[in-house]
Amino acid sequence: MTEELVSVRYLVDDVERAVAFYTARLGFTERFSVPAFAEVTRGRLRLLLSGPDSSAGRAMPDGTRPGPGGWNRIHFVVDDLDAEVERLRAAGVPFRSDVVTGPGGRQIVLDDPAGNPVELFQPASATA
């Protein structure tokens, strides 16, 4: 049985910039891209990047336009959180939070170019 991709859609302001961020900074592979929409993958994650001109960016019946941001996020497990934070900060990636330590491990939230959050998480078992 083939493993299916898990799909997540993020609304972005600039598709080209989002593709560049996810491929250069977070190790995704570009599968498809047009000015209004792109698809990038990493492992089993299929991330759909929908710009303002995509069907996902169209106004709702009441006129509300979907937009990027919020706090729902994709979540990546990393082996060395400190090294990842250092690498991404050196590349100018903005962070939404500081590293937080909890019972399950350590995490930090960064923003993609459109303001969508991405969580990096190091499990407690990897911090010992």
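Structure first, text after, so check above.
What you see is a predicted model, and the numbers here were worked out from it, not measured in a lab.

Reading guide: rules and limits
Residues numbered from 1 in each chain as written. Predicted model: local features only at pLDDT ≥ 70, side-chain atom pairs only at ≥ 80, totals over all residues. Heavy atoms only, no water. Pairing = 2+ DSSP bridges. Helix = DSSP H or I, 4+ residues; strand = E, 2+ residues; numbered from the N terminus. Axes fitted to C-alpha atoms, helices over the stretch in contact; angles between N-to-C directions. Contact = heavy atoms within 4.5 Å. Buried < 20%, exposed > 50% of the residue type's maximum accessible area, 1.4 Å probe, protein only. Core = buried A, V, L, I, M, F, W, Y, C linked by side-chain atoms within 4.5 Å.

Structural notes on the sheet that holds strand E3 (residues 37–42)
Hydrogen bonding along the main chain pairs the strands of a sheet, whether they run parallel or antiparallel. The strand order across the open sheet formed by four strands is E1-E4-E3-E2, and the pairing between neighbours is mixed. Either end of the sheet is taken by a strand with one partner, and the two such strands are strand E1 (6–11) and strand E2 (29–34). Averaged over all pairs of adjacent strands, the angle between their axes in this sheet comes to 15 degrees, without regard to strand direction. Taken together, the six bridges between E3 and strand E4 (residues 45–50) define a ladder with antiparallel strand orientation. Counted as the bridge partner of Arg42 is Leu45 from E4. The sheet contacts of helix H1 (residues 15–26) involve E1, E2, E3 and E4, and relative to E3 the element is tilted by about 10 degrees.

As for the pairing of strand E8 (residues 117–123)
Burial runs high along E8: six of the seven residues are buried. In the sheet, strand E7 (residues 105–111) pairs with E8 via seven bridges, with the strands oriented antiparallel. For Ile108, the partnering residue across the bridge sits in E8 and is Leu120. Connecting the antiparallel pair E7 and E8 is a turn made up of five residues, with Gly115 showing a positive phi of about 95 degrees.

Topic: the nonpolar core
In this structure, Tyr22, Phe28, Leu47, Leu49, Ile74, Leu110 and Leu120 are the most contacted members of the largest nonpolar core, which totals 27 residues. Broken down by secondary-structure element, the contributors of at least two residues to this core are H1, E3, E4, strand E5 (74–77), helix H2 (81–90), E7 and E8. With six residues, the top contributor of residues to this core is H1. Contacts of Phe28, omitting those with residues within four sequence positions, involve Tyr22, Thr23, Val40, Thr41, Arg42, Leu45, Leu47, Ile74 and Phe76.

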